[in-house]
Amino acid sequence: MTPAERRAEREEGEYKMQIEVFDKSKDKNTIAFIWKDVPVSYANTMRRMMTDEVPVLAIEDVELKKNSSALYDEMIGNRLGLLPLKTDLKTYVLPSECSCKGEGCAKCQVKMSLKAKGPGIVYASELKIKDVDVKPIYTEMPIAKLLKNQELEFDATACLGQGRQHAKWSAAHVYYKFMPKLKKGNEIILCEKDKAEFKADKISLNKPNAIKALLNEANLELTEKAGAEITYDKNEIAFYIESWGQLSVKEIALRAVEIFDAQLEEFAKEIKKK
Ligand SMILES: [Zn+2]
């Protein structure tokens, strides 16, 4: 659809943004959909809102009391910061927006501690977190390996933050690509691990596995080498949201929209003053 056609449909009230989900995980951590008739700049704005603006919890301060492991204190701190923590956005607010004015309170931070003695591996599950609803997503993530008589003991504080401050506060990996199209009659060559076989002119875009096979880079490379003609439809975007686990993909997408709305309102308010 050309921009002019889209504008005409919009004016007649017939324009509808279409979203077709073709992949979704049971744990609600990933979703992939075809986003039709959406300008690419819009899709990219949503991507950036999701990765850079949607806040999640991460450990920010660590007070090490004992560390006789082989890892430097800084490395322990770095590893702790990267542990994804289950986040409830109804309970916590960003420290900069909290009524305590960033001093730190139960609304903007959560305290935790850990005490371990070797030998053995210290796992994320050993963290004693003050809020029972905040949990490490991947309980088997190792923090450090301790030899006999080595010890690790610390207090830590986690708070909400945003991906644009530090990658540890990023809620998801979000990316998109234009939908590949094969010339009628061309076959898609499937790589070994894809068992299904079908011809391009018979692929129905309503079939989730057909879309996935077509979006697979390895399949496309083989298909192109075999002489097929591949074009990319800029009106159809395959959009992927992969949560790191702190929030569900739905929470990430909806919060991103809320944040963008608030930013637009602020922009309008500022413009009105000028
Ligand atoms: Zn506070």
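Residues numbered from 1 in each chain as written. Predicted model: local features only at pLDDT ≥ 70, side-chain atom pairs only at ≥ 80, totals over all residues.

Participant: Teacher, can you tell me more about the sheet that holds strand β9 (residues 172-182) here?
Facilitator: Whenever strands of a sheet pair, they do so through backbone hydrogen bonds, lying parallel or antiparallel. Reading across from one edge, β1-β2-β10-β9 is the order of the four strands in this open sheet, with antiparallel pairing throughout. The open sheet has two free edges, formed respectively by β1 (18-24) and β9, since each of these has just one partner strand. Averaged over all adjacent pairs, the angle separating strand axes in this sheet is 30°, with direction ignored. Bridge analysis of β9 against strand β10 (residues 230-243) gives eleven bridges, and the strand direction is antiparallel. When the bridges of β10 are listed, A172 appears paired with S243. Those strands touched by helix α6 (residues 249-273) are β2 (30-36), β9 and β10, and its axis lies near 110° from that of β10. (Pairing = 2+ DSSP bridges. Helix = DSSP H or I, 4+ residues; strand = E, 2+ residues; numbered from the N terminus. Axes fitted to C-alpha atoms, helices over the stretch in contact; angles between N-to-C directions. Contact = placed C-beta atoms within 7 Å.)

Participant: What's the story with the domain arrangement of the chain in this structure? I'm lost.
Facilitator: Often, the extent of an interface is quoted as the loss of accessible area upon association of its parts. Examined at the domain level, the chain breaks down into domain 1 (3-53 + 171-261) and domain 2 (56-166). The straight-line distance from the C-alpha centre of domain 1 to that of domain 2 is 35 Å. Contacts between domain 1 and domain 2 engage ten residues on the former and eleven residues on the latter. At the level of elements, α2 (40-53) and α6 are the ones that each hand at least two residues to the side of domain 1 that touches domain 2. Among the elements that line the side of domain 1 that touches domain 2, the one with the most residues is α2, at three residues. Classifying every residue of the side of domain 1 that touches domain 2 gives three nonpolar, three polar and four charged. (Domains from an automatic or database assignment. Nonpolar A, V, L, I, M, F, W, Y, C, P; charged D, E, K, R; others polar.)

Participant: What am I meant to see in unusual backbone geometry here?
Facilitator: With the exception of glycine, most residues fall at negative phi, and the peptide bonds are largely trans. A cis amide bond links G118 with the next residue in sequence, P119, at an omega value of 5°. Within the secondary structure, P119 is located in the loop between β4 (109-117) and β5 (120-123). For K101, which is not glycine, the phi dihedral falls at a positive 60°. Tracing the chain through its elements places K101 in the loop between α3 (73-81) and β4. Residue K101 is classed as exposed on the basis of its C-beta count, with 11 C-beta atoms lying within 10 Å. For N149, which is not glycine, the phi torsion reads 70° and is therefore positive. For N149, the location among the structural elements is in the loop between β7 (142-146) and β8 (151-161). (Buried ≥ 20, exposed ≤ 12 C-beta atoms within 10 Å, placed from the backbone.)

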